[in-house]
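# Observations on the three-dimensional arrangement
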Amino acid sequence: MKDILLILPTSKTSNEAVDFAIRKAKEIGGALTVLYILDTAMADEVFDKFTDIGFIGDKPSSQLTEAIMKEYRQRGYELLGAVQIKAMEAGVPFNPITLHGDFTECAMKVINDIKPVMAVTVRERLSGLSRYFSTSSINELQDSAPCEVVFFDED
Amino acid sequence: MPVEIDRRPLWLLLLVKGTRLLLLLSLALLFWFIVAIDPPQGLSPAGKNAIAIFIVCLSLWITNLIPLAVTSILAIIMVPLFGVLTEKETYSLFGNEAVFFILGAFILAGAVMRSGLGSRVATMIMKRFGGSSTGLARSIFLLAAVLSFFISEHAVAAMLFPMVLEIAKALKLRPGKSNYGKLLFISLAWGCIIGGVATFLGGARVPLAVGILRETSDKSIDFLDYSLAVLPVVVIMLTVGYFVLARLFPVDIEGIEEAQEVLLKKLQGMGKVSYNEYAVGIIMGLTFLAWFFLGRALGLALIALASVVTLFVFKLVRWRDIEEYVNWGIILMYGGAIILGSALDKSGAARWMADMTIQNWAETPLMVVALFSLATLILTEGMSNAAVIAVLMPVGIGMSGSFGMDPVIVTLAIAIPAGLAFALPMSTPANAIAVSSNYVNVKDMARAGIIMSITSWIVFNLVARFYWPIIGLKF
C-alpha cells in the first residue's frame, strides 16, 4: 500500500501539515503513517545543564529528565490521537509510530522501512538570517530521503 | 511544492559543521601566540602566561566546548606548567575554605531532597496559599525564592519543576499558548534566581567570590553581613518580578480546582512526616542559625562539615545517597576557579588587566561598582555564573586596589549580579528547564528577562549607593 509519512517533532506542530498529509493520503488512496519523534536532545541538554552548571547529582537530574520525557510522551499520545481522529473522519487508514532519538535518524529509519511516497514534516519558525547560519535537520532529511520531503512552518 | 535545496557555499557548510574543532584550534593558536610574544611593559612573563590561560578558560566557559569542570582542570594543569604558580601552591589552593563550604552545603541540600522534606514543604505551601489562580502563581514564585535561601537554586528548580508540570497538565494549559502556563514556569525560574542571591546557600558563586577575595586580599565577608547587604535587592526584585509577571502574562484561566486536587493527592501520598524529615529539618535549621551567628567565629565550612557528619551519625543519609545527589565535579570547578583567580592576582596580571581596561573608563568608585555590576549582568546571561565570578573577581580585586576601595564592595558588585540572569535559557538551569517545558519559549523569556535585567542593575546600584553606607559598606 502507498503511504504518506507525517513526521511530527516533539515541540513543533502544524495543523496545515496534518491536513495536507491527510489530504494527500486520501488523494492517492493510501494510508497515513504518523511518526512522533521523542527528541531526547532537549532532555539531555537539561540534564547536562543541571549536572555541569548546577552541579546537582545524577539522581535529581535524571528524575528531571524523566519528568520532561514523560510530559513529551503524553503530548505525543495526545497529538497522535488528534491526528487519528482527523484521519478517521477523512476515511484514511492510520498507522502511528513513536520513536526516541535524533530527528533525522528516526525519520530515515521509518522512511527506509515503509518507503513512503512522500514525507511531510514541520520545521521551526526562524528568521532568514538564523536559518542561513543554522544546520537544518529538514535539509539533511531532504538530502538523504529517497522520497519527496515537504515541510510546513510550525503554528 | 516548498522543496528547499541547500545552496549555501561549501565554506559556510564546512564552517557550520566544523565549528567546534575550528574554535578549539583557534584557541590553541591564540594561546601559543600570547605565550610566544614578549610581555608588554608593566607585565611579567608569568603575568602574560596567566592572561593567556585566562583567555583560554574564559573562551571555553563561554562556548561550553568542554564541560565547565574540565576547563577548571585545564587551568590546574596550565598554571604550574607555564610557571605562573608552583605545583605546590596550585594544589594547596584546593584546601580553600570556600571549596569545603560549597561541598558541605551541597551535601546538606542533597539530604533535604533525599528525605522528601523539600517536596513536602513545597506541596504544603502551594496547597495552603495557592487557592486562586494568582495565589498559586504567587506561591510558586515566593516558594521557589524562599527555598533558594536555604538550598541551591538549581536543586530547588529540579525539585519544583515536576510539580509545576503536573499542575499545568491538570489545568489542561496549552504549551506555548497559555499565558498561565508561561506565568507558572517563569515564576518558578525567577523565584529561584532572585532567592538564589539572598544567602551563601543559593548557589556556589558567592562562596566562590568570597574564596577568591580571601586568597587575593586579607578581607572576607561573613554569612550575616552578605545577607544583610543583599536583602533590599532581593525584596525589591521579588516585588518588581511579581508585577512584571502579572503585567506580561495576565491570568487567562478561571478555576484551579484540578491543581488543588493534584496537590491534595500528592500530600496524601506522602503520608505522615517521617523521622528522617524531622531530623533533617532540625539539623538544617540549626546549621542555618550557626552560619548566621557563629559563622565568623567558627568558619562556615567547619559548620557545614560538622552538620554533614551529624547527618551520618544519626543515619539520616547513606554515602550512596550523597553520591547520587552531589556532582563531585563541583570540587574541581570551584577549586580550579580559585586557582585561576589566585594565579592572575599573584602574577600581577589582574592588576595589569584592570589598569588596561576598566580603569580607563571609571573615574570614581561609584562608577567602578556600576561598571562591574553591568559587565557581570551582561556576562552572566551568556555563561555560567560561577565562571563569571572566576573571570571578573581577579580584575575587580585589582581594580579596587587602584581606587583605594574596600575589595569587599567590588566582590559584592560581582557576586550579587552574577546570579541575576533572567533573560536566556543558556544562562542558568532554572531558565533552561522553564523553556524545556515548552510552555515558555525563548522569546517570552527574553522579552520579560530584559526588563528584569535592566531593573536589577538599577536597583542594585541604588542599593549600593544609598543603603550600603548605612550598614557600614562605604565607598
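Up top is the structure these notes are about.
Residues numbered from 1 in each chain as written. Chains lettered and ligands numbered in written order. Predicted model: local features only at pLDDT ≥ 70, side-chain atom pairs only at ≥ 80, totals over all residues. Heavy atoms only, no water.

### Re the pairing of strand β1 (residues 3-8) of chain A
All names here are of chain A.
- Burial analysis of β1 places six of its six residues in the buried class, the great majority of the element.
- Judged by which residues are buried, β1 turns out to be covered on both faces: Asp 3, Leu 5 and Ile 7 on one side and Ile 4, Leu 6 and Leu 8 on the other are all buried.
- Judged from the six bridges that link them, β1 and strand β2 (residues 31-38) form a sheet pairing that is parallel. Paired with Asp 3 across the two strands is Ala 31, which belongs to β2. (Buried < 20%, exposed > 50% of the residue type's maximum accessible area, 1.4 Å probe, protein only. Helix = DSSP H or I, 4+ residues; strand = E, 2+ residues; numbered from the N terminus. Pairing = 2+ DSSP bridges.)

### Some points on empty space enclosed by the protein
- Counted by the stated rule, this structure contains four cavities of 30 Å³ or more.
- Counted as a void, the largest cavity has a volume near 50 Å³.
- Around the largest cavity, the lining residues are A:Ile53, A:Gly54, A:Phe55, B:Phe106, B:His154, B:Gly203, B:Ala204, B:Arg205, B:Tyr334 and B:Asn385.
- Residues belonging to the lining of the largest cavity are distributed by class as follows: five nonpolar, four polar and one charged. (1 Å grid on protein atoms, 1.4 Å probe; cavity = no way out; pocket = protein on both sides within 12 Å on 5 of 7 lines; lining within 4 Å. Points joined across faces, edges and corners; volume = space filled by probe spheres on them. Nonpolar A, V, L, I, M, F, W, Y, C, P; charged D, E, K, R; others polar.)

### Brief notes about the pattern of salt bridges
- Going through the model one piece at a time under the given rule, you end up with 19 salt bridges over all chains.
- Here B:Lys169 makes a salt bridge to A:Glu78, at a shortest N to O gap of 3.3 Å. Pair noted here: B:Lys169 is in helix α9 (residues 153-170) and A:Glu78 is in helix α3 (residues 58-89), and the two residues belong to different chains.
- Overall, the relative accessible area of 24% leaves B:Lys169 in the partly exposed class. (Salt bridge = Lys/Arg side-chain N within 4 Å of Asp/Glu carboxyl O.)

### Brief notes about the packing of aromatic side chains
- By the definition in use, this model includes 21 aromatic pairs over all chains.
- Note on A:Phe20 and A:Phe152: the rings are 5.1 Å apart at their centroids and 55° apart in plane angle, and the pair reads as tilted. Taken together, the residues span a long stretch of sequence, with A:Phe20 in helix α1 (residues 15-28) and A:Phe152 in strand β5 (residues 148-153) at a distance of 132 residues.
- Measuring from centroid to centroid gives 6.4 Å for B:Phe149 and B:Phe150, while their planes differ by 45°, and the two rings are tilted.
- Residue class for B:Phe149 comes out partly exposed when judged on its relative accessible area of 22%.
- You can call B:Phe150 partly exposed: its relative accessible area is 33%.
- Against the face of B:Phe129 rests B:Arg128, its NZ or CZ located 5.1 Å from the ring centre.
- A cation sits over an aromatic face here: B:Arg465 above B:Phe466, 5.1 Å from the ring centre. (Phe/Tyr/Trp six-rings, centres within 6.5 Å; stacked < 30°, edge-to-face > 60°. Lys NZ or Arg CZ within 6 Å of the ring centre and 35° of its normal.)

### Details of helix α2 (residues 40-53) of chain A
- With 14 residues, α2(A) should cover 20 Å at 1.5 Å per step; its first-to-last C-alpha distance of 19 Å lies within 8% of that length.
- Of the positions making up α2(A), those classed as buried are A:Ala43, A:Val46, A:Lys49, A:Phe50, A:Thr51 and A:Ile53.
- Contacts made by the buried residues of α2(A) are with α3 of chain A together with α4 (68-81), α9 and α23 (429-436) of chain B.
- Immediately beyond the C-terminal end of α2(A), within one or two residues, lies A:Phe55, with a positive phi of roughly 55°. (Expected span 1.5 Å × (residues − 1). Contact = heavy atoms within 4.5 Å.)

### Structural notes on the side chain of B:Asp222
- With respect to the helices and strands, B:Asp222 occurs in the loop between α11 (205-216) and α12 (223-248).
- Filtering out sequence-adjacent residues up to four positions away, B:Asp222 remains in contact with B:Phe200 and B:Arg296.

### Re the nonpolar core
- Membership of the largest hydrophobic core comes to 211 residues, with the highest contact counts inside it found for A:Leu32 and B:Trp190.
- Considering every element that reaches this core, the biggest residue donor is helix α6 (residues 97-115) of chain B, with 13 residues.
- The contacts of A:Leu32, once residues within four sequence positions are left out, are A:Ile4, A:Leu6, A:Ala21, A:Ile22, A:Ala25, A:Val83, A:Ala87, A:Val92, A:Pro93, A:Phe94 and A:Asn95.
- If you look at the next biggest cluster of nonpolar residues, it comprises 15 residues, including A:Ile7, A:Ile37, A:Phe103 and A:Val110. (Core = buried A, V, L, I, M, F, W, Y, C linked by side-chain atoms within 4.5 Å.)

Interpretation in functional terms is not warranted from these geometric data alone.
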